[in-house]
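Chain and residue survey
Below, each chain spelled out in residue letters.
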Amino acid sequence: MNFEDWYKRSQDQAKDHNISIAELDWLIVAIAKVERLHLKLRDINLSGDQVLELDGLWQQRIKNKTPIQYLIGKTHWRDLELDVSSAVLIPRPETEILIDLAVGMNDPNSDSIWVDLGTGSGAIAMGLALGIKNSQIYAVDCSFEALAIAQKNAAKYNLTKRIKFRQGFWFEPLSSLKSQITGMVSNPPYIPTSEVNCLDPVVRDHEPHLALDGGIDGLDCIRNLIQTAPEYLISGGYWLIELMAGQAKTVRSLLETNGNYQNIQIHLDYDGVERFVSATLK
Ligand SMILES: C[S@@+](CC[C@H](N)C(=O)[O-])C[C@H]1O[C@@H](n2cnc3c(N)ncnc32)[C@H](O)[C@@H]1O
């Protein structure tokens, strides 16, 4: 099949399956290495093998519902181009707000230590390293596969000296930093177990459940972070997480009940959803 016929058929498939044409165009630009403008002007000439390769990937998007980012192996987040695989959650646009919140909290005149717990692709750790100049970042994940991707992403942006990677459970691999951490940022798994199977198949069948499943009420990891952070943060240190719509008020009461936190605040995402909670250690 020539490119023009394949492209028309693929656009129809996208419409039939409610997939944005932008995903198809992104696949073509990334895999066939053509300029977006040339695609728009139909000024491209692909071999039969190239069209076959594109079609193989596109059918995985249509039939298996594989996210386009996994097929391309890359995604864009803030001003970064990150490698992704099915070992890591695809970083979401709303998570970018965590970086702005952390940068706004940080005192630019002091050196600081920030940690990204559950780093996945390394997106948050890299955003922190780039946004908070005089900081040392620690990025933790229990998944070796995720850490390998995060390290590769950090190396691409020359951030391997600024970010130290640690494998383990939440704060556990940071025992040498007790009472020294300026700020903790985390986008932990927060979906209640019973809801994971109801997610869109693009997410449910492809993204790691380790990154999604937050236990019976979705709050297992968040409770752990509330309980353990006081041992690790400096007095006045920051606690900042992303959570699911509907969880913010419960998390605020958990922080209040814990007794070690003050300045507890709920922050909205781009859609006005209560998506983030921050607090400072007393
Ligand atoms: C929702 S994903 C967030 C990934 C990335 N920070 C982001 O925002 O795109 C949660 C991450 O937490 C990691 N994780 C799950 N349980 C963990 C644990 N007990 N200790 C450390 N990391 C954990 C998962 O492997 C996953 O990478």
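Whatever comes next refers back to the structure up there.
Residues numbered from 1 in each chain as written. Predicted model: local features only at pLDDT ≥ 70, side-chain atom pairs only at ≥ 80, totals over all residues. Heavy atoms only, no water.

**As for the overall build of the protein**
We count it as follows: Numbering of helices and strands runs from the N terminus; a helix is a DSSP stretch of H or I covering at least four residues, while a strand is a stretch of E covering at least two. Throughout, the radius of gyration refers to the C-alpha atoms, and the reference size of a globule is 2.2 Å times the residue count to the power 0.38. Using a 1.4 Å probe on the protein chains alone, a residue whose accessible area is under 20% of its type maximum counts as buried, one over 50% counts as exposed, and one in between counts as partly exposed.
Across its full length, the protein holds 12 helices and 9 strands. In terms of overall size, the protein behaves like a compact globule, its C-alpha atoms giving a radius of gyration of 21 Å where 282 residues would be expected to give roughly 19 Å. With the C-alpha coordinates of the protein rotated into their principal frame, the extents come out at 65 × 40 × 30 Å. Classification of the 282 residues of the protein by burial places 52% in the buried group.

**Digging into the packing of helix α6 (residues 96-105) against helix α7 (residues 123-131)**
Counted only if it meets this: Note on method: axes are straight lines fitted to C-alpha atoms, helices fitted across the in-contact stretch only, with angles between N-to-C directions ranging 0 to 180 degrees. Helix crossings are classified by the rotation of the near helix relative to the far one: an anticlockwise turn of less than a right angle makes the crossing left-handed, while a clockwise turn makes it right-handed. We call two residues in contact whenever any of their non-hydrogen atoms come within 4.5 Å of each other.
Viewed as axis vectors pointing N to C, α6 and α7 meet at an angle of 35 degrees, and their least axial separation amounts to 10 Å. Every pair of crossing elements has a handedness; the one defined by α6 and α7 is right-handed. Taking contact as the criterion, the partners of L98, I99, A102 and V103 in α6 are, on α7, I124, G127, L128 and G131.

**What to know about the nonpolar core**
Generally speaking, soluble globular proteins have nonpolar side chains that are buried together. What counts, and what does not: The term nonpolar core refers to a set of buried residues drawn from Ala, Val, Leu, Ile, Met, Phe, Trp, Tyr and Cys, joined through side-chain atoms within 4.5 Å.
Core analysis: the biggest nonpolar cluster contains 36 residues, and F171, L174, M184, W239 and V251 have the highest contact counts within it. Among the elements of the structure, β3 (112-117), β4 (135-141), β6 (181-186), α11 (220-232), β7 (233-242), α12 (248-258) and β9 (274-281) are those that each provide at least two residues to this core. When residues of this core are assigned to their parent elements, the largest contribution, 6 residues, is made by α11. Excluding anything up to four places from it in sequence, V251 contacts L219, I222, I226, W239, I241, L243 and V277. Counting 29 residues, the second-largest nonpolar core is a separate cluster that includes M105, W114, I124 and F165.

**Re the site of the ligand**
Stated precisely, the cut-off is as follows: Residue proximity to a molecule or strand is established when one non-hydrogen atom of the residue lies within 4 Å of it. By the criterion applied in these results, polar contacts are pairs of N or O atoms within 3.5 Å in which, for protein atoms, one can donate a hydrogen and the other can accept it, and in which residues neighboring in sequence qualify only through two side-chain atoms. Under the convention adopted here, Pro, Cys and the residues Ala, Val, Leu, Ile, Met, Phe, Trp and Tyr are nonpolar, Asp, Glu, Lys and Arg are charged, and Gly plus all remaining residues are polar.
Near the ligand there are 17 residues, and of these G118, D141, W170, N187 and A211 occur at the shortest range. At 3.3 Å, a backbone N or O of C142 approaches a nitrogen atom of the ligand. Contact distances for the ligand include 3.5 Å between a nitrogen atom and a backbone N or O atom of G168. Considered class by class, the residues forming the shell around the ligand number 10 nonpolar, 6 polar and 1 charged.

**Considering the pairing of β9**
For a regular strand, side chains alternate in direction, first toward one face of the sheet and then toward the other. To be explicit about the condition: Two strands make a pair as long as DSSP finds a minimum of two bridges between them.
The buried fraction of β9 amounts to 7 of the 8 residues, a majority that puts the element mostly inside the structure. Strand direction decides the pairing type here: strand β8 (residues 261-268) and β9, joined by 6 bridges, are antiparallel. Following the sheet pairing, Y261 is matched in β9 by L281.

**Some details on the sheet that holds strand β5 (residues 163-167)**
The strand order across the open sheet built from 7 strands is β5-β4-β3-β6-β7-β9-β8, with neighbouring strands paired in mixed fashion. Strands at the two margins of the open sheet, each flanked by one partner only, are β5 and β8. Between one strand and the next, the sheet's axes are offset by a mean angle of 15 degrees, whatever the strand orientation. Relative to the sheet, α11 contacts β3, β6, β7, β8 and β9, its axis offset from that of β7 by approximately 160 degrees.

**Quick notes on the packing of aromatic side chains**
Condition: Centres within 6.5 Å are what make two rings of Phe, Tyr or Trp a pair, Trp counting through its six-membered ring; a difference in plane orientation under 30 degrees is then read as stacked, over 60 as edge-to-face, and the rest as tilted.
Considering all chains together, one arrives at 5 aromatic pairs under this definition. Between F3 and W6, the aromatic rings sit 6.0 Å apart at their centres with planes inclined by 45 degrees, giving tilted as the arrangement. Of this pair, F3 and W6 both sit in helix α1 (residues 3-16), 3 residues apart, roughly one helical turn. Assessed through its relative accessible area of 6%, F3 is described here as buried. On the basis of relative accessible area, W6 is assigned to the buried category, the value being 1%.

**Some thoughts on unusual backbone geometry**
With the exception of glycine, the majority of residues adopt a negative phi angle, and the majority of peptide bonds are in the trans configuration. With phi around 60 degrees, N18 is a residue other than glycine that occupies positive phi space. Relative to the helices and strands, N18 resides in the loop between α1 and α2 (21-31). You will see that W170, though not glycine, has its phi angle at about 40 degrees, which is positive. With respect to the helices and strands, the residue W170 is situated in the loop between β5 and β6. The exposure class of W170 is buried, given its relative accessible area of 16%.

In short, the description is geometric, and any link to function would need to be established separately.
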